[in-house]
Amino acid sequence: GRSSATGGGRLVRNALLVAEVALSIVLLVGAVLLLRSFARVTSVDPGFRADDVLAFRVALPPALYGENHQRVAFFDQLIARLEGLPGVRSAGMIQALPMRGSYVLSVAIQGRPAARPGDEPSANHRVVSPNYFSALGIPLKRGRLFSAQDTDTSPMVAVIDEAFAARHFPDEDPIGRGLDIGNGTDGFYQVVGVVGNVHHVDLEASPGPTMYVPYRQDVFSSMWIVARSDRDPGQLVASARQAVRELDPALPAFAMTPLRNVINDSVAQRRFSMLLLAAFA
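K.L.:
Describe the overall build of the protein chain, and please don't skip the residues or the numbers.
P.N.:
Across its full length, the protein chain carries seven helices and eleven strands. Counting every position in the protein chain, which comprises 281 residues, the buried fraction comes to 42%. Considering only contacts in the protein chain between residues 6 or more positions apart, those separated by 24 or more positions represent 80%.

K.L.:
Give me a nonpolar patch on the surface: which residues, what numbers.
P.N.:
A cluster of nonpolar side chains, namely Leu17, Val21, Ile25, Val29 and Leu33, defines an oily patch on the protein surface of about 440 Å² accessible area. Tracing the chain through its elements places Val21 in helix 1 (residues 7-42).

K.L.:
Residue-level account of the nonpolar core, with values.
P.N.:
Within the largest apolar cluster, 46 residues are counted, with the highest numbers of intra-cluster contacts made by Phe56, Val58, Leu179 and Ile225. The element that contributes the greatest number of residues to this core is helix 2 (residues 68-83), accounting for six residues. Not counting chain neighbours up to four residues away, the residues in contact with Val58 comprise Phe74, Phe75, Leu78, Ser221, Ser222, Met223, Ile225, Val244, Leu251, Pro252 and Phe254. Residues Phe48, Ile138, Val157 and Val262 belong to the second largest nonpolar core, which totals 26 residues.

K.L.:
Run through the side chain of Ser222, naming residues and quoting values.
P.N.:
Structurally, Ser222 can be placed in strand 10 (residues 222-229). Only 2.8 Å separates the side chain of Ser222 from the side chain of Arg57, close enough to count as a polar contact. Setting aside its immediate chain neighbours within four residues, Ser222 contacts Arg57, Val58, Ala59 and Gln95.

K.L.:
Report on the packing of aromatic side chains, specifying residues and quantitative values.
P.N.:
The full count for this structure, using the stated rule, is seven aromatic pairs. Residues Phe74 and Phe75 carry aromatic rings whose centres are separated by 5.6 Å and whose planes lie at 80 degrees to one another, so their mutual orientation is edge-to-face. Centre to centre, the rings of Phe133 and Phe146 are 6.1 Å apart; their planes meet at 50 degrees, and the pair counts as tilted. Of this pair, Phe133 sits in helix 3 (residues 132-136) while Phe146 sits in the loop between strand 5 (140-143) and strand 6 (157-161), placing them 13 residues apart in sequence.

K.L.:
Just give me the short version of unusual backbone geometry, but keep the residues and values in it.
P.N.:
Phi at Asp52 is positive, roughly 65 degrees, even though this residue is not glycine. The backbone phi angle of Met99 is positive, close to 75 degrees, even though this residue is not glycine. Mapped onto the secondary structure, Met99 falls in the loop between strand 2 (88-94) and strand 3 (104-109).

K.L.:
Just give me the short version of the side chain of Asp248, but keep the residues and values in it.
P.N.:
Assignment of secondary structure puts Asp248 in the loop between helix 5 (237-247) and strand 11 (254-258). No salt bridge is formed by the buried Asp248; the nearest opposite charge belongs to Arg245, separated by 10 Å. Polar contacts involving the side chain of Asp248 include one to the side chain of Tyr65, which spans 2.7 Å. Leave out the neighbours within four places in its chain, and Asp248 touches Tyr65 and Phe74.

K.L.:
Explain helix 5 to me, using residue names and the numbers behind them.
P.N.:
All of the buried residues in helix 5 are Ala240, Ala243, Val244 and Leu247. All buried residues of helix 5 fall inside an arc of 95 degrees around its axis, so they share one side. Structurally, helix 5 contributes buried residues whose contacts are with strand 1 (53-59), helix 2 and strand 11.

K.L.:
How would you explain helix 2 if you had to name every residue and give the values?
P.N.:
With 16 residues, helix 2 ought to run about 22 Å at 1.5 Å a step, and its terminal C-alpha atoms sit 23 Å apart, in line with that. Considered for burial, the residues of helix 2 that qualify are Arg71, Val72, Phe74, Phe75, Leu78, Ile79 and Leu82. Seen along its axis, helix 2 keeps its buried residues to an arc of 165 degrees; they face one direction. Looking at the buried residues of helix 2, the elements they touch are strand 1, strand 2, strand 10 and helix 5.

K.L.:
Describe the pairing of strand 4 (residues 122-128), naming the residues involved and giving the relevant values.
P.N.:
Counting buried positions over the seven residues of strand 4 gives six, a clear majority of the element. When strand 3 meets strand 4, the two strands line up antiparallel, connected through three bridges. Of the residues in strand 4, the one forming a bridge with Leu105 is Ala123. As judged from the five bridges shared by strand 4 and strand 9 (residues 210-214), these two strands associate in the parallel manner. Within strand 9, the position partnered with Arg126 by the bridge is Tyr212.

K.L.:
Can you lay out the packing of helix 2 against helix 5 for me, pointing to particular residues and giving the numbers?
P.N.:
Look at helix 2 against helix 5: their axes get within 10 Å of each other, and the N-to-C directions meet at 140 degrees. Between helix 2 and helix 5, the interaxial angle falls into the category oblique. Both helix 2 and helix 5 take part in a crossing whose hand is right-handed. Note on element contacts: helix 5 touches helix 2 through Ala240, Ala243, Val244, Glu246 and Leu247, opposite Phe74, Gln77, Leu78, Arg81 and Leu82. When grouped by side-chain class, the residues that make up the contact of helix 2 with helix 5 number seven nonpolar, one polar and two charged.

Reading guide: rules and limits
Along every chain, residues carry numbers that run from 1 in the direction the sequence is written. Restriction of local features to residues with pLDDT of at least 70 applies here, the model being predicted, together with a cutoff of 80 or more for giving and counting side-chain atom pairs; totals for whole chains, interfaces and linings are based on all residues. Derived side-chain values reflect all non-hydrogen atoms in the structure, with water molecules and hydrogen atoms excluded from consideration. Secondary structure elements are defined from DSSP: runs of H or I of at least 4 residues count as helices, runs of E of at least 2 residues count as strands, and each element is numbered from the N terminus. Burial classes follow relative accessibility: with a 1.4 Å probe on protein chains only, a residue under 20% of its type's maximum area counts as buried, one over 50% as exposed, and anything between as partly exposed. Any pair of residues with heavy atoms lying within 4.5 Å of one another is described as a contacting pair. Every patch collects residues that have over 30% relative accessible area and no salt bridge, joining them within 9 Å if they carry like charges and within 5 Å if they are nonpolar side chains (Val, Leu, Ile, Met, Phe, Trp, Tyr). Per-residue accessibility takes into account occlusion by the displayed protein chains alone, with areas from the Shrake-Rupley method and a 1.4 Å probe. Within this document, salt bridges are pairs made up of a side-chain nitrogen of Lys or Arg and a carboxyl oxygen of Asp or Glu, the two lying within 4 Å of each other. For the purposes of this section, nonpolar cores are sets of buried Ala, Val, Leu, Ile, Met, Phe, Trp, Tyr and Cys residues that join through side-chain atoms within 4.5 Å. Distance and chemistry together define a polar contact, namely a pair of N or O atoms within 3.5 Å, with one atom able to donate a hydrogen and the other to accept it when in protein, and with adjacent residues in sequence counting only for side-chain atoms on both sides. Pairs were defined over the aromatic rings of Phe, Tyr and Trp, the Trp ring being its six-membered one, requiring ring centres within 6.5 Å. Orientation was assigned from the angle between planes: stacked under 30 degrees, edge-to-face over 60, tilted for the rest. Under the counting rule used here, the positive set is Lys and Arg, the negative set is Asp and Glu, and His together with the chain ends is not counted. Note: the arc covers the axis-to-C-beta directions of the helix. To estimate the expected span of a helix, count its residues, drop one, and scale the result by 1.5 Å. One requirement defines pairing of two strands: DSSP has to find at least two bridges between them. Every axis corresponds to a line fitted to the C-alpha atoms, with the helix fit spanning only the stretch in contact, and the corresponding angles, defined between N-to-C directions, vary from 0 to 180 degrees. Orientation is classified from the angle alone, with under 35 degrees giving roughly parallel, over 145 giving roughly antiparallel, 65 to 115 giving roughly perpendicular, and any other angle giving oblique. The handedness criterion is simple: a crossing whose near helix is rotated anticlockwise from the far helix by less than a right angle is left-handed, and one whose near helix is rotated clockwise is right-handed. Gly falls in the polar group here, along with every residue not listed as nonpolar (Ala, Val, Leu, Ile, Met, Phe, Trp, Tyr, Cys, Pro) or charged (Asp, Glu, Lys, Arg).

Given below as structure tokens:
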């Protein structure tokens with residue numbers, strides 16, 4: 001029995017050993033690299049402060065809120081009620097929450113006609129309420145933000161981010177320039193401010209050019225509500241639902257979540273891949 005192993009058997013065992021060690025090294029190195037990549041992605045500044053913010057969505061049925069003034073009145077009252085809740089420091093709205101996909105429209109810059117129809121540049125388009133920027137801690141870099149005076153009867157205005165300014169106004173002041181946005185509205189939106197960049201798609205891609213307009217000048221029936229509190233966002237859930245029910249008992253507030261979870265969800269697939277490879281390693 002001690003001498004039963006042949007030279008061929010020893011060769012096979014040695015080959016298996018080399019293969020096992022090589023595969024282990026590959027898995028370990030891959031796990032380490034993936035861990036470093038994950039750490040690098042999660043350390044990226046999203047451009048907004050997600051801690052202590054509750055996010056939820058409200059969709060107004062067209063049959064009951066068919067007119068723009070009805071939608072504006074409902075959302076105005078909802079934001080006022082939320083900002084009156086104990087612990088809520090600021091509340092705002094946006095039609096497409098960061099990390100929940102892009103909403104891209106064409107844009108034409110006044111005085112710069114496209115060489116051919118269809119060659120106009122494009123940018124992320126976000127419709128927001130005046131306090132949205134303060135609720136998410138998005139910094140103002142130049143000019144001003146929106147106010148309650150920016151309505152459907154006042155001149156159309158827009159705020160752009162630094163990425164938009166760097167791409168389209170690299171050597172000039174964008175304040176006062178006109179933007180023809182492909183949202184079905186005739187006329188030019190005058191740029192009144194520049195804010196910091198926000199990762200609207202994910203943390204891996206560089207922030208794309210973004211233009212913001214006041215929700216009273218581009219009314220949507222479905223909006224994401226964000227409320228910043230000085231306490232755990234989970235403690236606001238019941239009060240936020242009650243605020244919606246007081247305005248319309250049949251209307252649900254859905255997709256309630258701390259905004260931090262939205263960021264975590266954006267890297268969930270990468271986290272799962274890292275943990276799976278680490279487990280095999």
